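Observations on chain architecture
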Amino acid sequence: MKPTLHFLSDSLAQQIIDEAFHTLCTLGIEIQDNTLLSLLAERGATVKKESSRVIFTEDIINNALKDVPSTFCLYDIHGHQTHDFSHANVHFTPGSSALHITDKEGIKRKPMTADYIQYVKLMTRMDHIASQSTAFVPDDVNEQIADSYRLYLSLMFGSKPVVTGTFSEKSFDIMKSMQIVIRGSEVALAEKPLTIFTCCPNTPFKWTDETITVLTACAKASIPIELVSVPMTGFISPVTLAGTLILHTVENLSGLILSQIVNPGTPVLYGGCASVYDMRHSTMSMGAVESMMLACGSAQIGQTLGLPTQAYIALSDSAHLDAQAGMETGMGAVMAATAGISNISGPGIHDFLNSFSLEKLILDNESCAMALRAAKGIEPKEDFPAIPLFEELLKETHLLISDHTRRHFKKEILFPGPVIDRSNSLTRTASPPTLMERAHSEVRRHLHAYEAPALAEDKRQELMRLMKAEAARHGQEHLPNFSDTE
Amino acid sequence: MNILQKLSEAIQQGDDRLAASATQKAIEQQLQAAEILNNGLIAGMDIIGQRFRDMEIFLPDVLMAARAMHAGMDVLKPLLLQAGVESRGKIILGTVKGDLHDIGKNLVAIMLKGAGFEIFDLGVDVEAGRFIDAAVKEKASIIGLSALLTTTMPAMKEIIDLLKERGLSDQIKIIVGGAPLSQESANTMGANSYAKDAASAVETIKAMMV
Ligand code: B12
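As the structure is a prediction and not an experimental result, all values here were calculated from the model. (Residues numbered from 1 in each chain as written. Chains lettered and ligands numbered in written order. Predicted model: local features only at pLDDT ≥ 70, side-chain atom pairs only at ≥ 80, totals over all residues. Heavy atoms only, no water.)

All right, on to the overall build of chain A then. The helix and strand inventory of chain A stands at 17 helices and 21 strands. In terms of overall size, chain A behaves like a compact globule, its C-alpha atoms giving a radius of gyration of 23 Å where 486 residues would be expected to give roughly 23 Å. C-alpha extents for chain A along the principal axes are approximately 80 × 60 × 50 Å. When the 486 residues of chain A are sorted by exposure, 57% land in the buried category. A fraction of 74% describes how many contacts in chain A between residues 6 or more apart in sequence connect residues 24 or more apart. (Helix = DSSP H or I, 4+ residues; strand = E, 2+ residues; numbered from the N terminus. Rg over C-alpha atoms; globule rule 2.2 N^0.38 Å. Buried < 20%, exposed > 50% of the residue type's maximum accessible area, 1.4 Å probe, protein only. Contact = heavy atoms within 4.5 Å.)

This paragraph deals with the pairing of strand 16 (residues 275–278) of chain A. Residue and element names in this part refer to chain A. Where strand 14 (residues 232–233) meets strand 16, two bridges bridge the pair, whose relative direction is parallel. Residue pairing across strands places Thr233 opposite Val276, the latter belonging to strand 16. The sheet contact formed by strand 16 and strand 17 (residues 283–285) spans three bridges and is antiparallel. Across the sheet, the residue bridging to Asp278 is Thr283, located in strand 17. Hairpin connection from strand 16 to strand 17: four residues lie between these consecutive antiparallel strands, with Ser282 at a positive phi of about 55°. (Pairing = 2+ DSSP bridges.)

Lining the immediate environment of the ligand, one finds 44 residues, of which Phe352(A), His101(B), Asp102(B), Ser146(B) and Thr150(B) sit closest. Nearby residues place the ligand at the junction of chains A and B. Of all elements in the fold, only helix 5 (103–114), strand 3 (142–146), strand 4 (173–177) and helix 9 (198–209) of chain B reach the threshold of two or more residues within the shell around the ligand. A total of five residues in the shell around the ligand trace back to one element, the largest contributor, which is helix 5 of chain B. (Near = heavy atom within 4 Å.)

Next up on the list: the coordination of the cobalt atom of the ligand. Among protein atoms, the single one acting as a donor to the cobalt atom of the ligand is His101(B) (NE2), 2.3 Å away. Along the chain, the position of His101(B) falls in the loop between strand 1 (90–95) and helix 5. (Donors = N, O, S within 2.8 Å, 3.2 Å for Na, K, Ca; no water.)

Nonpolar side chains tend toward joint burial in soluble globular proteins. Counting residues in hydrophobic clusters, the biggest one holds 173 residues, and the most contacted among them are Ile31(A), Leu40(A), Phe56(A), Tyr119(A) and Ile313(A). Tallying contributions element by element places helix 4 (residues 59–83) of chain B first for this core, with nine residues. Sequence-distant contacts of Phe56(A), defined by excluding residues within four places in its chain, comprise Leu24(A), Cys25(A), Ile29(A), Ile31(A), Leu40(A), Ala45(A), Ile61(A), Ser254(A) and Ile257(A). Judged by nonpolar contacts, the second largest core, of 29 residues, contains Leu122(B), Ala128(B), Ile160(B) and Ile174(B). (Core = buried A, V, L, I, M, F, W, Y, C linked by side-chain atoms within 4.5 Å.)

All right, on to a nonpolar patch on the surface then. Nonpolar side chains collect at one region of the surface, where Val289(A), Met327(A) and Met331(A) lie side by side and expose about 240 Å² of accessible area between them. Secondary-structure assignment places Val289(A) in helix 10 (residues 289–304). (Patch = residues over 30% accessible without salt bridge, like charges linked within 9 Å, V, L, I, M, F, W, Y side chains within 5 Å. Areas by Shrake-Rupley, 256 points an atom, 1.4 Å probe, with all protein chains shown as cover. Salt bridge = Lys/Arg side-chain N within 4 Å of Asp/Glu carboxyl O.)

Residues and elements named next belong to chain B. Split by domain assignment, chain B resolves into domain 1 (3–83) and domain 2 (90–208). Placing a centre on the C-alpha atoms of domain 1 and another on those of domain 2 gives a separation of 26 Å. With 11 residues of domain 1 at the contact, the number on the domain 2 side is 10 residues. Both faces combined, the contact of domain 1 with domain 2 buries some 810 Å², and carbon together with sulfur accounts for 72% of it. Salt-bridge contacts for Asp46 lead to Lys206; the nearest nitrogen and oxygen are separated by 3.0 Å. (Domains from an automatic or database assignment. Buried area = accessible area lost by both parts, 1.4 Å probe.)

This paragraph deals with the confidence of the model for chain B. Residues at a pLDDT of 70 or more form 100% of chain B, whose mean pLDDT is 94. ipTM for the predicted complex: 0.89, alongside a pTM of 0.95. (pLDDT = per-residue confidence, 0-100.)

The next thing to look at is unusual backbone geometry. Residue and element names in this part refer to chain A. Cis peptide bonds are those with omega within 30 degrees of zero, and the linkage from Thr203 to Pro204 qualifies with 0°. With respect to the secondary-structure elements, Pro204 resides in the loop between strand 11 (195–199) and strand 12 (206–207). Residue Phe384 is joined to Pro385 through a cis peptide bond whose omega torsion reads -5°. Here Pro385 is to be found in the loop between helix 12 (358–376) and helix 13 (387–396). Of note in the backbone geometry, Ala314 takes a positive phi value of approximately 70° without being a glycine. In this fold, Ala314 is placed in the loop between strand 18 (310–312) and helix 11 (323–338).

Attention shifts here to the sheet that holds strand 11 of chain A. Two modes of strand pairing occur in sheets, parallel and antiparallel, and in both the strands are linked by backbone hydrogen bonds. Residue and element names in this part refer to chain A. Strands sit in the order 9-10-11-13-15 across an open sheet of five strands; the sheet is parallel. Across the chains shown, the open sheet's two edge strands, defined by having one partner strand only, are strand 9 (132–133) and strand 15 (268–272). Across five bridges, the pairing between strand 13 (residues 225–229) and strand 15 is parallel. Residue pairing in the sheet places Leu227 in a bridge with Tyr270 of strand 15.

Structure (structure tokens):
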């Protein structure tokens, strides 16, 4: 049996959805886009032009829910399937868009191209994290190309699909062109999605023109979208968890409608980044247990609506790679995996979504492995009847070389990497390596073992040409040289 | 307890009705407008600010106090105008071009208002020139800039440069804030000040006014 973590009773989940429907059909949402306003009016919505507010009808919501695919797949740069979001399958992806990198000394600094390339190389070797994300923003390129440049490096050095987004709608075209280079054509890209683009409503109850432009462009190209409403309890959403989930559902459903109106069948992840707003420190705490409950709760709403899901969880507020970081990330990972969240965004990130650490990524990869293991649950494997094996045990006094053991031990039991201390030897060493040292030596080992994905030379050249042209357009004649950064 | 202490208490308790009536009583007792403002309303808010920094109270307590302060201010305003007492200072606030994040900036605005400053909030995605035009128009001595994206931080430097270009950097000071900023990046871009959160923004701005 797969264990399932639920924070909402079925009736409460339904009540939240009903209330969200009612809100959409009464209070409505602000949508800063005239084309969409007209399309919605044609479908029977009441549009208040002066305030750009749209009052929906139940039909509009239900039609969107009918049109949206109940699942979709992602494919790596070679076109091999890596993700299937059906059947409550669970995947991890690193947290995204950090402002800083935390280095092995625990010092926060601006990330550079070299850091990003190391990150992408590491990601090719993180077995339990299925996709890349555009995890942080290299500071050594013009900020106008910050978003496209990250995707470029991810495609040049990595192979896994990429969870990404734009900082400005102006970057969308180049980011789409890069994907078309990889797939060969727009049709091939639509058939085998390579990226997911994050689209956030502006809480409370607003879609800004900039985000709509990106959402619309994604939908037209059938590029999957993750809808990420970002409420904060007691600040821009009700302080109660159920109340925040109602607001979250309203915002996500409105985004879902927009995506399906532009192009019915656009793949969507029902996502979320609801957090506790800490009333003492004025921070948005992603490590708070209630934020984790909101992530699982919002995913449960998405599941109830029949959609694949996403949430920001399995990350930490801690500024360092310390016990708090491990506790919050590990706890979130297990909760998210057992809640069946399809795409869990978090590993590697810490410091309130602001910083990324390669060493933390190594540790988190192990948390993901454990969480994925836990989510598989306990299944019988040649365990009935039990007596023959017990007789063998009594006769041999151990089962170490039993056929049963040898058949099952590698699948039944997870063997973590060296960053997790199972050796019981560290305690006997005079100055045992710290967690940071163990994680850092794993970073070095993986970087050393990195093998570049075999991206065809003509595609590499074309990606480079596109990126150089985009950089030049923004006044940057030279991009950082890869050979200087490796 | 004299009436100003009562007023300060009302602020600390976040009781807007009591704050308004205590202000009224203070006026009836012929106290000077400036005295009521400084030793009653602002005195109460200062204590609240300190208790918040000491983590004795929570943000809603501060905001309730700010609301009570406004209730008192509304009663006092005609007198302040008559007496020519200026507010604690005028501040232009906004999120820079290309950036839509305003939660933090709004909090800074609420806290500054609570501390007795007059705030002109220009909203989000604000063009460089608008900040400066607003500061000139309102005769504000401080512009507060917010940015949450690495990609929009450079817009802050543009505003600082533009201020210099217009020869106004002696009269108008710039304070910057937002998650990607630090004291170091604020120095590099040539801002006069930086504050990491709303509570310290109030303290820093008070110091800038001296
Ligand atoms: C909420 C949020 C949003 C909301 C904003 C809603 C709103 N109305 O503001 C929404 C969902 C719309 C949003 C959108 C986006 N966001 Co956003 N967002 C956040 C988030 C999670 C929290 C920000 C926040 O409100 N914090 C709570 C407040 C109280 O704190 P604060 O803002 O830091 O403010 C305090 C201090 O900084 C200071 N302060 C702030 N301003 C000022 C000004 C002055 C003068 C002073 C003195 C002090 C000061 O005092 C404040 C109060 O204490 C941050 C992550 C983070 N931890 O910061 C990401 C984050 C900033 N966003 C990010 C991104 C990538 C985006 C998007 C590009 C996502 C996308 N692909 O669409 C878009 C960009 C939209 C745009 N053009 O601006 C990234 C930035 C990455 C980068 N390297 O630049 C972050 C870091 C998250 C992440 N890791 O991905 N976001």
